[in-house]
Amino acid sequence: MADPKGFLTHDRELPVRRPVDVRIQDWKEVYHDFPAAKLNQQAARCMDCGIPFCHNGCPLGNLIPEWNDLVYREDFQEAIERLHATNNFPEFTGRLCPAPCEAACVLGINSDPVAIKRVEVEIIDRAFAEGWVRPEPPAVKTGRRVAVVGSGPAGLAAAQQLTRAGHDVVVFERADAIGGLLRYGIPEFKMEKRHIDRRLEQMRAEGTEFRTSVNAGVDITAARLRAEFDAVVLAGGATQWRDLPVEGRELRGVYQAMEYLPPANRAASAGADSEINARGKHVVVIGGGDTGADCIGTAIRQGAASVTQLEIMPRPPASRAGSQPWPTFPTLFKMESAHEELADGGGDRVYAVSTLGFAGDAEGNVRALRLVEVEGPQNGFKPIPGTEREIPADLVTLSMGFTGPEKSVLLQELGVAYDKRGNMARDASYMTSVEGVFSAGDIGRGQSLIVWAIAEGRAAASRVDAFLTGETALPYPILPTARSLV
Ligand SMILES: Cc1cc2nc3c(=O)[nH]c(=O)nc-3n(C[C@H](O)[C@H](O)[C@H](O)COP(=O)(O)OP(=O)(O)OC[C@H]3O[C@@H](n4cnc5c(N)ncnc54)[C@H](O)[C@@H]3O)c2cc1C
Ligand code: SF4
């Protein structure tokens, strides 16, 4: 513990967001740089607890007090060594993780937690800037071949670990670029895509091979995958979206979030207009989670006339409810950058409402949404009589989550089994019901978070390595059954 009084002398501080009216004119990340002196103070707030609960809060088991101390001492080179020891991609989690570690930080019991996520991203950004992130190719090759299907954080983590263990790894991705939801789900203003490209350079130099625009099961059959590779890792995500079967669902202008966001992200990267554009439209975002927030920020940058977000759950509390004590990961009212932009433009977040249907014009375009206020979940979201109303809606995005993996040709031909939630069934070694076929990330866990996907990718890689060689030195951070503390 470098500064025994750090937590008494410094308050929690985060970088300042660029002014709303400036940042909505571009797609760049929303934060200003964080001055070095402030970073030092934030790292100094870590109390180096005897039992660091943050380790358990982080699914990767990041060695948080160690790198806080190293940052305080300005030894960034050692800090990135310790950070990379548990996390392949801190540039992703440091920007995008909801930081369950901070919810579990001991300082958070009676004060604001350490700004762990900020320290994390500053370490890796500094390491890239200094040229310390170099390829780490294996010293010895095993001659074994592994196919990884899907290039989201789970597939990438598994691929990097297995390549470094000496296997020949090929990553298959059906999209035209690598990254999974990091590439085409999450908008540029939350994480600029250059961070993915920079990491892929390292992975290519280490020997991982990437094949894009290859839909496994269609462009390469399951039988060929099995014949050409000694093991297969399925990391195709939980891409089956939840729909809203109400009157008017078929109207033009009602899209799934993942129909709306990918073209918007592609267009933003190319500096072009998206084929589905919110300019001048009244936009309604159904769903109050991360995906909904991404739709809000995107629609605002496209020049929407108005944006309204609807959520069926009641508004969450601003601070921990008694039922979600420390160190659990609480459900809180959040003010993400997109929410700030929404409020600034006079938009609304409406809670405890349910969508009854959509009304259209003579050409089949959506023009309005009918909603009703509902009682809470304990009353089964019962509609409250007399609260029905209509709001203008020219563009609607459905951001209501995902129900699990698509039952694709690949999965059918491989003959893998599913668990009772419809996710891929696997044993403690991440192996599916088919010998030599493993799974990692949302495909087995269900819709989750980047940090869990990386942790699963790392853990699955260790089991694949043991399967192929009979032993492994790769880490196994989590069991497939591990869940966050809620
Ligand atoms: C809009 C949105 C915003 C989000 N924001 C956050 C956030 O801020 N923070 C956070 O922690 N989490 C966030 N999440 C969740 C997070 O992105 C996921 O939990 C994570 O990406 C899952 O990683 P994965 O590797 O399992 O799968 P994915 O990232 O979904 O990647 C799966 C990949 O597999 C490919 N694929 C599927 N089938 C095949 C096939 N047959 N052949 C070839 N390729 C195939 C898909 O094209 C896809 O690229 C968000 C999710 C969404 C939808
Ligand atoms: S990966 Fe997430 S949970 Fe782990 S230390 Fe970073 S911000 Fe915290």
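Everything below is about the structure shown above.
The numbering scheme is per chain: residues are counted from 1 as the chain's sequence reads. Chain labels run from A onward and ligand labels from 1 onward, assigned in the order the entries are written. Whole-chain, interface and lining totals are the exception, using all residues; otherwise, since this is a predicted model, local features are given only for residues with pLDDT of at least 70 and side-chain atom pairs are given and counted only at 80 or more. Only hydrogens and water are set aside when side-chain values are computed; all heavy atoms of the structure are taken into account.

Chemist: How would you explain the site of ligand 1 if you had to name every residue and give the values?
Modeler: By convention in this text, a residue qualifies as near a molecule or strand provided that one of its non-hydrogen atoms is within 4 Å of it. Taken together, 33 residues sit near ligand 1, with Leu96, Ala154, Glu173, Ala216 and Asp442 positioned nearest. By the criterion applied in these results, polar contacts are pairs of N or O atoms within 3.5 Å in which, for protein atoms, one can donate a hydrogen and the other can accept it, and in which residues neighboring in sequence qualify only through two side-chain atoms. In the model, an oxygen atom of ligand 1 is placed 2.7 Å from a nitrogen or oxygen of the Glu173 side chain. In DSSP terms, a helix is any run of H or I states spanning at least four residues, a strand is any run of E spanning at least two, and both are numbered starting from the N terminus. Among the secondary structure elements, those contributing two or more residues to the shell around ligand 1 are α10 (153-164), α15 (290-302) and α19 (450-469). The dominant element in the shell around ligand 1, judged by the number of residues it contributes, is α15, at 3 residues.

Chemist: Please set out the site of ligand 2 residue by residue, giving values where relevant.
Modeler: Every residue lining ligand 2 is accounted for by Cys58, Asn62, Ile64, Thr93, Cys97, Ala99, Pro100, Cys101, Ile116, Lys117, Glu120 and Val451. Lining residues are defined by having an atom within 4 Å of a point belonging to a cavity or pocket. Those points lie on a 1 Å grid over the protein atoms alone, cavities being sets where a 1.4 Å probe fits but cannot get out and pockets being open sets with protein on both sides within 12 Å along at least five of seven lines. The way we define it, a molecule is inside a pocket or cavity when more than half of its atoms are within 2 Å of that pocket's grid points. The site holding ligand 2 turns out to be the second largest cavity. Sorting the residues of the shell around ligand 2 by element identifies α8 (100-103) and α9 (116-130) as the ones contributing at least two each. When residues of the shell around ligand 2 are assigned to their parent elements, the largest contribution, 3 residues, is made by α9. Any residue outside Ala, Val, Leu, Ile, Met, Phe, Trp, Tyr, Cys, Pro, Asp, Glu, Lys and Arg is labelled polar, Gly included; the first ten of those are nonpolar and the last four are charged. Here the shell around ligand 2 is composed, by residue class, of 8 nonpolar, 2 polar and 2 charged.

Chemist: Talk me through the pattern of salt bridges; I want residue IDs and the actual numbers.
Modeler: Close approach of charged atoms lets side chains of opposite charge pair. The term salt bridge refers to a pairing of a side-chain nitrogen on Lys or Arg with a carboxyl oxygen on Asp or Glu at a separation within 4 Å. Taken as a whole and assessed by the stated rule, the structure comprises 33 salt bridges. Taking the shortest distance from any N to any O, the salt bridge between Arg199 and Glu91 comes out at 2.6 Å. In this pair, Arg199 sits in helix α12 (residues 194-206) while Glu91 sits in helix α7 (residues 90-96), placing the two residues 108 residues apart along the sequence. Exposure is judged per residue with a 1.4 Å probe applied to protein chains only, and the accessible area is read against the type maximum: over 50% gives exposed, under 20% gives buried, and values in between give partly exposed. You can call Arg199 buried: its relative accessible area is 2%. A residue is classified by how much of its surface remains accessible, and Glu91, at 0% relative accessible area, is buried. Note that Arg183 is salt-bridged to Asp197, the shortest N-O span being 2.8 Å. Pair noted here: Arg183 is in helix α11 (residues 181-184) and Asp197 is in helix α12, with a separation of 14 residues, a long-range link. Overall, the relative accessible area of 35% leaves Asp197 in the partly exposed class. Three or more residues joined by partner-sharing salt bridges are found here, namely Arg17, Arg23, Arg301, Glu340 and Glu341.

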